[in-house]
Amino acid sequence: MNLFLKRLGGFYKYRFLMEQLVTKDIKLKYRRSFLGYLWSILNPLMIMVILVIVFSNMFRSDVTNFPVYLIIGQTLFNFMNESTTQAISSITGNASLLKKTYVPKYVFTVSKVTSSFVNTLFAMGALVVVFVVCRVTPNIYYLMIPVILLQEYVFCLGLGMLLAQGSVFFRDIQYIYNALLTAWMYLTPLFYPIALLPDALRDIVVTFNPMYFFITEFRQIVLECRMPDPYLIMAGTISAILAIVIGTWAFLKTQDKFILYI
Amino acid sequence: MNSEKDCIIKVSDATVRFNMASEKIDNLKEYFVKLVRRELMFQEFLALKNVSFEVKRGEAWGLIGTNGSGKSTLLKLICGILKPYKGTVDVYGSIAPLIELGAGFDGELTATENIYLNGAVLGYSKEFMDSHYDEIVDFAELKDFMNMPIKNYSSGMAARLGFAIATIVRPEILIVDEVLAVGDAAFQEKCQERMHEMLAGGTTLLFVSHTMQTVRQLCDHAIWLNKGTVVMKGEAEPVCNAYMDSLSVSDK
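Keep in mind it's a predicted model, so treat the numbers as computed, not measured. (Residues numbered from 1 in each chain as written. Chains lettered and ligands numbered in written order. Predicted model: local features only at pLDDT ≥ 70, side-chain atom pairs only at ≥ 80, totals over all residues. Heavy atoms only, no water.)

**What to know about the overall build of chain B**
Along the backbone of chain B there are 9 helices and 9 strands. Put simply, chain B has 252 residues, and 49% of those count as buried. Long-range contacts, defined as pairs at least 24 residues apart, comprise 71% of the intrachain contacts of chain B with a sequence gap of at least 6. Taken as a whole, chain B presents about 12200 Å² of accessible surface, with 51% of it coming from carbon and sulfur. (Helix = DSSP H or I, 4+ residues; strand = E, 2+ residues; numbered from the N terminus. Buried < 20%, exposed > 50% of the residue type's maximum accessible area, 1.4 Å probe, protein only. Contact = heavy atoms within 4.5 Å. Areas by Shrake-Rupley, 256 points an atom, 1.4 Å probe, with all protein chains shown as cover.)

**Comments concerning the pairing of strand β6 (residues 173-177) of chain B**
All names here are of chain B. Of all the 5 residues making up β6, 5 are buried; the element is thus mostly covered by neighbouring parts of the structure. Burial along β6 is two-sided: Ile173, Ile175 and Asp177 facing one way and Leu174 and Val176 facing the other are all buried. In this structure, strand β5 (residues 95-98) lies alongside β6, joined through 4 bridges in parallel fashion. Bridge pairing in β6 links leucine 98 to valine 176. Where β6 lies against strand β7 (residues 204-208), 5 bridges are found, and the strand directions are parallel. (Pairing = 2+ DSSP bridges.)

**A short note on the sheet that holds β6(B)**
All names here are of chain B. Taken together, the 6 strands give an open sheet; going across it, the order is β5-β6-β7-β3-β8-β9, and neighbouring strands pair in mixed fashion. In the strand order of this sheet, the two ends are held by β5 and β9 (229-235), each with one partner. In this sheet, neighbouring strand axes are inclined to one another by 15 degrees on average, regardless of whether the strands run parallel or antiparallel. (Axes fitted to C-alpha atoms, helices over the stretch in contact; angles between N-to-C directions.)

**Topic: the pattern of salt bridges**
A side chain of one charge can pair with a side chain of the opposite charge when the charged atoms of the two come close. A full pass over the atoms with the stated rule returns 17 salt bridges over all chains. Across the salt bridge formed by Asp199(A) and Arg202(A), the nearest N and O atoms sit 3.1 Å from each other. Here Asp199(A) pairs with Arg202(A), and both are found in helix α9 (residues 199-208), just 3 residues apart, close to one helical turn. According to the relative accessible area criterion, Asp199(A) is exposed, its value standing at 52%. Taking the relative accessible area as the measure of exposure, Arg202(A) reaches 26% and is therefore partly exposed. Counted as one network, the salt bridges with shared partners bring together Lys27(A), Arg31(A) and Glu113(B). (Salt bridge = Lys/Arg side-chain N within 4 Å of Asp/Glu carboxyl O.)

**Section: the layout of surface pockets**
Approximately 1200 Å³ is the volume attributed to the largest pocket. Lys13(A), Tyr14(A), Tyr102(A), Cys79(B) and Gly80(B) are, among the 36 residues lining the largest pocket, the residues nearest its centre. For the lining of the largest pocket, the elements supplying multiple residues, two or more each, are α1 (2-13) of chain A together with α3 (71-79), β4 (86-91) and β5 of chain B. Among the elements that take part in the lining of the largest pocket, α1(A) stands out by supplying 5 residues, more than any other. Residues of the lining of the largest pocket, tallied by class, amount to 21 nonpolar, 8 polar and 7 charged. (1 Å grid on protein atoms, 1.4 Å probe; cavity = no way out; pocket = protein on both sides within 12 Å on 5 of 7 lines; lining within 4 Å. Points joined across faces, edges and corners; volume = space filled by probe spheres on them. Nonpolar A, V, L, I, M, F, W, Y, C, P; charged D, E, K, R; others polar.)

**Digging into the packing of helix α4 (residues 66-88) of chain A against helix α10 (residues 210-224) of chain A**
Residues and elements named next belong to chain A. In contact at an axis separation of 10 Å, α4 and α10 are set at 145 degrees when each is read in the N-to-C sense. Judged by the twist between their axes, the crossing of α4 over α10 is right-handed. Contacts from Val68, Tyr69, Ile72, Gly73, Leu76, Phe77 and Met80 of α4 reach α10 at Met211, Phe214, Ile215, Phe218, Arg219, Val222 and Leu223. Per-class residue counts for the contact of α4 with α10 are 12 nonpolar, 1 polar and 1 charged. (Left-handed = near helix turned anticlockwise from the far one by under 90°.)

**Concerning unusual backbone geometry**
If you check the backbone angles, Asn65(A) has positive phi at about 55 degrees while not being a glycine. Inspection of the secondary structure assignment puts Asn65(A) in the loop between α3 (38-59) and α4. For Asn65(A), a relative accessible area of 30% puts it in the partly exposed group. Phi angles above zero are rare outside glycine, and Glu141(B) is one such case at about 55 degrees. The residue Glu141(B) is located in the loop between α5 (126-140) and α6 (155-166) in this model.

**Thoughts on α5(B)**
With 15 residues, α5(B) extends 20 Å from end C-alpha to end C-alpha; this agrees with the ideal 21 Å at 1.5 Å per step. At His132(B), α5(B) shows its maximal bend, which comes to roughly 50 degrees. Of all the positions in α5(B), only Met129(B), His132(B), Tyr133(B), Ile136(B), Val137(B), Phe139(B) and Ala140(B) are classed as buried. Contacts made by the buried residues of α5(B) are with α2 (15-30) of chain A together with α4 (111-121), α6 and α7 (185-200) of chain B. The positive-phi residue at the C-terminal boundary of α5(B) is Glu141(B), with phi of around 55 degrees. (Expected span 1.5 Å × (residues − 1). Bend = angle between axes of the 7 residues up to and from the residue.)

Printed below as a string of structure tokens:
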């Protein structure tokens, strides 16, 4: 308990560093580009338009309001994709700094996930554009959306910490993870309806894929105008807690050895 | 009781273990090959062996020794960057580590942005940086270059900025690792002046250098390391002399 309080105090002391690292990532992302932050909105919109054109002939009949269906999945999955990919190299990429000064190591991982999160909030602008164009009207259940985002943020944080500490010892993990991400993307109903999957595979996705929980919660709110299934809320919360507990545990257990391997 | 209060850094029986760099295993295939051959745990290297010493508040210690003798390792141990494999390290006070000036500068950011980032790395708050910003810029003498990305700076300019940021606080312990070798003579002079100032103000100094002259000037105590063990420690003058003697003997 004492140790926990001490860590929390450390977190408070380094909040300015966290803030600086997050603003640095966001500032540098679009520096020198003509449209700047607008790209956070334009980029997902452009990809969505292309996907809509490609897939509209294949699934449109099954899915009502396909552009909305698509962009919700795309935005949430992109956040997971971007944040974990960034987090994986957050320790190895800051080797020069970690070797030369004492900074709590988790600061780098947390700041990468957080800057991806802020970027996702910008990308929500694209969501709003699509909602307006497709005439989706807001409802009271939209108040649940921050909860879903929080679930996913905590989940990504946990996964990111697990991956970041793993890749310090085995750089191979980032390449393996890249391949896994592709598999994960196709096993998440981003641009196809879940009913399209064969029964056995569908059961696995519905039970074990956290991204399915988050995305489906979001879609139920927007497309079906209702509270998400209690099962999904529970499953989303549990996967977030599991991820953060395992991630933090693995990270704290190995962090003193990082310096010998970076 | 009193002596414990005065003691600001206490290193007792510290050993630091490294895996040999040449045998670094960082991919899974190699790991399993080594695991099967049972070679995994055998390549280790002790960078420091049973080092003990105590620094009292206000003292200035010089760390001397040949390259690879463990001086920087000892500094990193005290800063908390490394953890001892055996033994303990206790530090009672705030540390300003100058192991490398401008560690953590991001080349893409401007100097102003880097001042805040670097200050944050050193653990300072935003308000503190706001109120000391002008002082830093003045000391570094880089007023006209504040909106330039650091990647366009010369190494001397970056070092000046780094020193200015790191020494803006009055830390209880200042750790300096050969960083003053960069920069022109005038700036080195200025740095030394500031270090003297801090010493006069009661700061404890740990200083690594290969120039005996500087060590004699700045430090009242010295510790001589060789291959990870303490050869000699105590008053600066005799330790420096013994070290110089050993060098000239091995030269012959």
